[in-house]
Amino acid sequence: MPRFYVPPDRVSGGSLSLEGAEWKHARQVLRLRRGDRFTAIDGTSREYLAELHTVEVSRGTARILEVREVSREPSIRVTLYQALIKAPRLEYVVEKATEIGVAAIIPLITARSAPLQWGHARETRWNSIVRSASCQSGRTIFPGLSAPVSLGDALSRAAGGTMLFFSPDEGTGAAMRSMDSIPEGSDYHVFIGPEGGFSGTEWRAALERGALEITLGSRVLRAETAALVCCSLLIYRR
């Protein structure tokens, strides 16, 4: 059954409306007609079973047949701090991390991260990616998005949770942990470096704040691959 995002302000009484890109996709790609049923989510855990009632050029109106409070979130909260990499790869991380079940995605400014111009257009695009990925994967709660933050700010935000710094090599030379040795918890903060990795100064700052240094083994993964592998393994194992 097709799934669409409907902002809460487009739900009123026993009906809802599809507009903009969602309606264009429903009408021109899926070719929904009067009487067809679909599922809509509003990003706040509500899921609507609806039946298309009115078909217009600019929008479609549907009767709400059932309202469900649904949560398909993992039992742990995972926040991903992804160092800035090239825009297409970073957008890939945003999309796939949403599908996996990451609770929040925070771009990270590091000594070796790629430049990224942040503004309204990029924020709008990323939110669109999150909504689309949430609909596709069946999530009813959207992950949080943030403007890029410095490593210092990120470490402050992560205080109180389990901070995991993933290393593609020997890191600082300190005792490395494997995924199997990560302590039990409910709030994890995953830090993934840029293509050049974290600098020595950044490693030391993280370890001084209580971060754990984690290895995935002998292979060196791309930053975007490492982010998805780490989050997937963490959610699965916990």
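Residues numbered from 1 in each chain as written. Predicted model: local features only at pLDDT ≥ 70, side-chain atom pairs only at ≥ 80, totals over all residues. Heavy atoms only, no water.

(A) Geometry of the sheet that holds strand E4 (residues 37-41). Reading across from one edge, E1-E4-E5-E6-E3-E2 is the order of the six strands in this open sheet, with mixed pairing throughout. Both edges of this open sheet fall to strand E1 (3-5) and strand E2 (11-12), since each of them pairs with a single strand only. Packing of helix H1 (residues 20-29) onto the sheet brings it into contact with E1, strand E3 (15-19), strand E5 (46-55) and strand E6 (59-69), and relative to E3 it is tilted by some 85°. Of the strands in this sheet, E1 and E4 touch helix H3 (residues 120-137), which is tilted by about 150° from E1. (Pairing = 2+ DSSP bridges. Helix = DSSP H or I, 4+ residues; strand = E, 2+ residues; numbered from the N terminus. Contact = heavy atoms within 4.5 Å. Axes fitted to C-alpha atoms, helices over the stretch in contact; angles between N-to-C directions.)

(B) Fine view of the packing of helix H2 (residues 87-100) against helix H6 (residues 223-237). Between H2 and H6, whose axes approach to 9 Å, the crossing angle comes to 10°. Put simply, H2 runs roughly parallel to H6. Along its contact with H2, which presents Arg89, Tyr92, Val93, Lys96, Ala97 and Ile100, the element H6 presents Glu224, Ala227, Leu228, Cys231, Ser232 and Ile235. Classifying every residue of the contact of H2 with H6 by side-chain character gives eight nonpolar, one polar and three charged. (Parallel < 35°, antiparallel > 145°, perpendicular 65-115°, else oblique. Nonpolar A, V, L, I, M, F, W, Y, C, P; charged D, E, K, R; others polar.)

(C) Quick look at the pattern of salt bridges. Tallying each qualifying case throughout the model produces 15 salt bridges. Salt-bridge contacts for Arg46 lead to Asp42; the nearest nitrogen and oxygen are separated by 3.0 Å. Using a relative accessible area of 3% as the deciding quantity, one classes Asp42 as buried. A cluster of three or more residues bridged by salt bridges with shared partners is formed by Arg3, Glu47, Glu66, Arg68 and Arg72. (Salt bridge = Lys/Arg side-chain N within 4 Å of Asp/Glu carboxyl O. Buried < 20%, exposed > 50% of the residue type's maximum accessible area, 1.4 Å probe, protein only.)

(D) Representation of the packing of H2 against H3. In the contact formed by H2 and H3, the axes pass within 8 Å of each other and the chain directions differ by 35°. Along this stretch, H2 crosses H3, giving a crossing that reads as right-handed. Residue-level contacts link Ala87, Leu90, Glu91, Val94, Glu95, Thr98 and Glu99 of H2 to Arg122, Arg125, Trp126, Ile129, Val130, Ala133, Ser134, Gln136 and Ser137 of H3. Taken together, the residues that form the contact of H2 with H3 break down as seven nonpolar, four polar and five charged. (Left-handed = near helix turned anticlockwise from the far one by under 90°.)

(E) Representation of the packing of aromatic side chains in the model. Under the definition given, this model contains eight aromatic pairs. Taken together, a centroid distance of 5.4 Å and an interplanar angle of 80° make the contact between Phe4 and Phe38 edge-to-face. Of the two residues, Phe4 sits in strand E1 while Phe38 sits in strand E4, which places them 34 residues apart along the sequence. What makes Phe38 buried here is its relative accessible area of 0%. (Phe/Tyr/Trp six-rings, centres within 6.5 Å; stacked < 30°, edge-to-face > 60°.)

(F) Focus on H6. Compared with the 21 Å implied by 1.5 Å per residue over 15 residues, the 21 Å span of H6 between its first and last C-alpha is a close match. Along H6, the residues classified as buried are Ala223, Glu224, Ala226, Ala227, Leu228, Cys230, Cys231, Leu234 and Ile235. The inward-facing, buried residues of H6 abut strand E7 (77-83), H2, strand E11 (162-167) and strand E12 (187-192). (Expected span 1.5 Å × (residues − 1).)

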